[in-house]
Amino acid sequence: MAKYETRLTGSFDAVLSALDDAIMNASSTASYEDGSDYHMGSVRCAVRVYERYSALGGNRVSMAVTLLGNGQELFLSAITSGGSQAMLFKINTWGEGAFLDTLVEAAERLKGK
């Protein structure tokens, strides 16, 4: 399992769209599995689950992405899972890290704007 969390500033919809584009365009095997959107007053929350095939690991990995926003203040959390081939402990987690890197790179670019 790999995890990334950060704070961002900007438009909730624009950031969510940019992250989705980065994930889906990074791999021909990436798929959007499901999502949920919720708002309470000025607070918004979007949860997205993606999956892709990891050629390096020879398996599929998933990534759960949560974006929380209150106006222009945003918090992003992404956690990958799957991809391990062992029965009792995790080995071969390269695919998880590589999948997460696509989101990290996009988020860091958004921070620079």
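Above: the structure in question.
Residues numbered from 1 in each chain as written. Predicted model: local features only at pLDDT ≥ 70, side-chain atom pairs only at ≥ 80, totals over all residues. Heavy atoms only, no water.

**Student:** Quick rundown of the nonpolar core? Include the residues and the values.
**Tutor:** By size, the foremost hydrophobic cluster in this structure holds 24 residues, and its most contacted members are Leu19, Met63, Val65, Leu76 and Leu103. Every element with two or more residues in this core is listed here: β1 (2-9), α1 (12-26), β3 (43-54), β4 (59-70), β5 (73-82) and α2 (94-111). Residue contacts for Leu19: discarding those within four places in its chain leaves Leu76, Leu103, Ala106, Ala107 and Leu110. (Core = buried A, V, L, I, M, F, W, Y, C linked by side-chain atoms within 4.5 Å. Buried < 20%, exposed > 50% of the residue type's maximum accessible area, 1.4 Å probe, protein only. Helix = DSSP H or I, 4+ residues; strand = E, 2+ residues; numbered from the N terminus. Contact = heavy atoms within 4.5 Å.)

**Student:** Talk me through the sheet that holds β5; I want residue IDs and the actual numbers.
**Tutor:** Reading across from one edge, β1-β5-β4-β3-β2 is the order of the 5 strands in this open sheet, with antiparallel pairing throughout. The open sheet has two edge strands, β1 and β2 (31-40), and neither has a second partner. The sheet shows a mean angle of 15° between the axes of neighbouring strands, taken without regard to direction. Here 8 bridges tie β1 to β5, and the two strands are oriented antiparallel to one another. Residue pairing across strands places Lys3 opposite Ile79, the latter belonging to β5. Here α1 sits on the sheet in contact with β1, β2, β3, β4 and β5, set at roughly 5° to β3. (Pairing = 2+ DSSP bridges. Axes fitted to C-alpha atoms, helices over the stretch in contact; angles between N-to-C directions.)

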